[in-house]
Amino acid sequence: MIKRQKASIKNLIIHKVGNKFNGTKNAFSDAAVHFDEATYQLILPYLLKPFVSVAETYRFNHHSDVNLNEINTYSEQLFSDESNFVDVSKHIVTHLFEQSNSAQIKTGDVFICYFENIQYQDYFTDAVGIFKIENKTEFFQTYLEQNNYDILVQKGIQAKKVDKGCLILNTSDMEGKIVLSVDNNNYDAQYWIKSFLNIKYPDDSNQHTKNCIELCREFSKEVLQPHFGGQEQSNFLAKTVDFFKENEIVNIETFKDEVFETENQIKQFEDYKKTYETDNSVLIRNQFDVSEIALKKQKQKIKTEIKLDTNIQIKLDVDAPDASAEYLERGYDEEKKMHFYKVFFNEENN
């Protein structure tokens, strides 16, 4: 997560990247863009806005030595010597081209940017931005000719969100340079994150919080809902969120004791956790600090709705963990041979 109020663009160049599978080639610029005031005022927030709400950061990765990671090397060259900006930007696009390992990888415009005064946490730093624009939108353009207005269709970039982008900050921690990434056109999950950038999540509270809540969400969907019903699933998710909100440090043993009511459910959770870690190649820490940013983001992904086959949905508040147990009652009607939910309330809220 960054702040962009004082940020500025020092250098920006635009190239085009092709795809070796369909015969399209790269096209390179030889000089940086010179902006007019209107364009500059529009493009700066367009490029940086996606990273304002990004909670998770990455670090560069390599199977043998992270110093051999191409984008790590190129960004370091730009931070060390900006005079090579044009040449290094071409190397970046060439590396992106080499990752087009299937025909579905899209061609597009590539913006390479050098930013100054990006605020990260409580300090300011420079950053290298790499943006790939894959989709262009048709729009009408009116023009005046011989005292009459006419209209034609043109294609251009929508100034709403970038398709793919990364921001490499000129700052590091114990695990390396801090990298932020967005992908709003995620047709190939391996292409941008794995093949081009080769980045991984750091071993920090953001990742531990994310991993654990995602485990709980999948457990509720694959185990609790099929065996115990939507009410038990929603109740568990609400208790999970409440536990993370009330504790600065999560201890998995304490979590199990407070959230589950039976030894059977604890055993099911433990068995599922082992399988989940193996299938997803993640390690759920037994104890970790809670990240409020990651919790807020994961909470938005939690759905606490009970969907019934009679076209009725019951939506429960994830921030009210006791409401389901106290005001919602599940039963079975022998006469209709159907399950039912009984809801208690004082008055309806408009």
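Scroll up to find the structure this text is about.
Residues numbered from 1 in each chain as written. Predicted model: local features only at pLDDT ≥ 70, side-chain atom pairs only at ≥ 80, totals over all residues. Heavy atoms only, no water.

1. Topic: the pairing of strand β6 (residues 137-145)
For a regular strand, side-chain orientation follows a simple rule: the groups alternate between the two sheet faces. Note: β6 against strand β7 (residues 148-156), nine bridges, orientation antiparallel. Within the sheet, the bridge partner assigned to F140 lies in β7 and is V153. (Pairing = 2+ DSSP bridges. Helix = DSSP H or I, 4+ residues; strand = E, 2+ residues; numbered from the N terminus.)

2. Details of helix α8 (residues 263-280)
End to end, α8 covers 25 Å across 18 residues, agreeing with the expected 26 Å (1.5 Å per residue, within 8%). Those residues of α8 hidden inside the fold are in contact with α5 (205-228), α6 (230-246) and α7 (252-259). At the exit of α8 stands S281, carrying a positive phi of roughly 55 degrees. (Expected span 1.5 Å × (residues − 1). Contact = heavy atoms within 4.5 Å.)

3. Let's talk about the pairing of strand β5 (residues 123-133)
Of all eleven residues in β5, eight are buried, a share of seventy percent or more. Where strand β4 (residues 108-120) and β5 come together, ten bridges link them in antiparallel fashion. By the bridge assignment, I118 is partnered in β5 with T125. The loop that links β4 with its antiparallel partner β5 comprises two residues; one of these, Q121, has a positive phi angle of about 55 degrees. Here β5 pairs with strand β8 (residues 164-173) via six bridges, running antiparallel. Across the sheet, the residue bridging to K132 is K164, located in β8. (Buried < 20%, exposed > 50% of the residue type's maximum accessible area, 1.4 Å probe, protein only.)

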